[in-house]
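Here is what each chain is made of, one letter per residue.
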Amino acid sequence: MSLLIRAAALGASAGGRSVTPLAALADRGFLRVAARVAAIGELIADKLPGTPSRLQPAPLAGRVALGALSAGIYAHRRGRSVFLPAAVAGATAFAASYAGASWRALAERHGLDLPAAVAEDAAAVALAEAAVR
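Criteria and thresholds
- Residues numbered from 1 in each chain as written.
- Predicted model: local features only at pLDDT ≥ 70, side-chain atom pairs only at ≥ 80, totals over all residues.
- Heavy atoms only, no water.
- Helix = DSSP H or I, 4+ residues; strand = E, 2+ residues; numbered from the N terminus.
- Rg over C-alpha atoms; globule rule 2.2 N^0.38 Å.
- Buried < 20%, exposed > 50% of the residue type's maximum accessible area, 1.4 Å probe, protein only.
- Contact = heavy atoms within 4.5 Å.
- Areas by Shrake-Rupley, 256 points an atom, 1.4 Å probe, with all protein chains shown as cover.
- Lys, Arg positive; Asp, Glu negative; His and termini not counted.
- Charge placed at Lys NZ, Arg CZ, Asp CG, Glu CD.
- Core = buried A, V, L, I, M, F, W, Y, C linked by side-chain atoms within 4.5 Å.
- 1 Å grid on protein atoms, 1.4 Å probe; cavity = no way out; pocket = protein on both sides within 12 Å on 5 of 7 lines; lining within 4 Å.
- Points joined across faces, edges and corners; volume = space filled by probe spheres on them.
- Nonpolar A, V, L, I, M, F, W, Y, C, P; charged D, E, K, R; others polar.

Visitor: Any details on the overall build of the protein chain? Residues and values, ideally.
Guide: Within the protein chain one finds 6 helices and 0 strands. N-terminal to C-terminal, the α/β element order of the protein chain is α-α-α-α-α-α. Since a compact globule built from 133 residues should have a radius of gyration of about 14 Å, the 14 Å found for the protein chain is in line with a globular shape. Principal-axis analysis of the C-alpha atoms gives the protein chain an extent of 45 × 30 × 25 Å. Split into buried and exposed, the 133 residues of the protein chain put 39% on the buried side. In the protein chain, once contacts between residues fewer than 6 apart in sequence are set aside, the share between residues at least 24 apart is 71%. A total accessible area of about 6900 Å² is found for the protein chain, and carbon and sulfur atoms account for 72% of it. Positive and negative charge centroids in the protein chain, built from 14 and 8 side chains respectively, lie 9 Å apart.

Visitor: Residue-level account of the nonpolar core, with values.
Guide: The tendency in soluble globular proteins is for nonpolar side chains to be buried as a group. Counting residues in hydrophobic clusters, the biggest one holds 13 residues, and the most contacted among them are Leu 10, Ala 71, Tyr 74 and Val 132. At 4 residues, the largest contribution of residues to this core is made by helix α1 (residues 3–16). Those residues in contact with Ala 71 that sit more than four places away from it in its chain are Ala 7, Leu 10, Pro 85, Ala 86 and Ala 89.

Visitor: Could you give an account of the layout of surface pockets, with specific residues and numbers?
Guide: Approximately 510 Å³ is the volume attributed to the largest pocket. Lining the largest pocket are 22 residues, with Asp 46, Thr 51, Pro 52, Ser 53 and Arg 54 sitting closest to its centre. Of all the secondary structure elements, the ones that give two or more residues to the lining of the largest pocket are α3 (29–45), α4 (57–77) and α5 (83–109). In terms of residue class, the lining of the largest pocket is made up of 8 nonpolar, 5 polar and 9 charged.

Listed below in structure tokens is the structure:
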């Protein structure tokens, strides 16, 4: 899989669940545990009724930034330039945030919000894991 496809997968993962790509990249000790706890917390918080929309400026900026950061880390670990992968991941995170919000809105209209949210969780985890392996 090419670096830019991996970057796009990391960005798409961040668009769905912002911390998931960092959790997939974390490979040592405390950082690994902390990232995975944060990712699990996000998976749970996403289902709560008071969770703000991912399309509000701060959550959206966070998803874009974490997608870009994840791809930058991945590229750096492979001795590659970080700029283009980070840009691709950030743009993909932005688009995936809107796609995920549309998916969830459609599911909610049909009474399927929880199954759609769990499917989105699975997709975010699968994309991140595939990208870093």
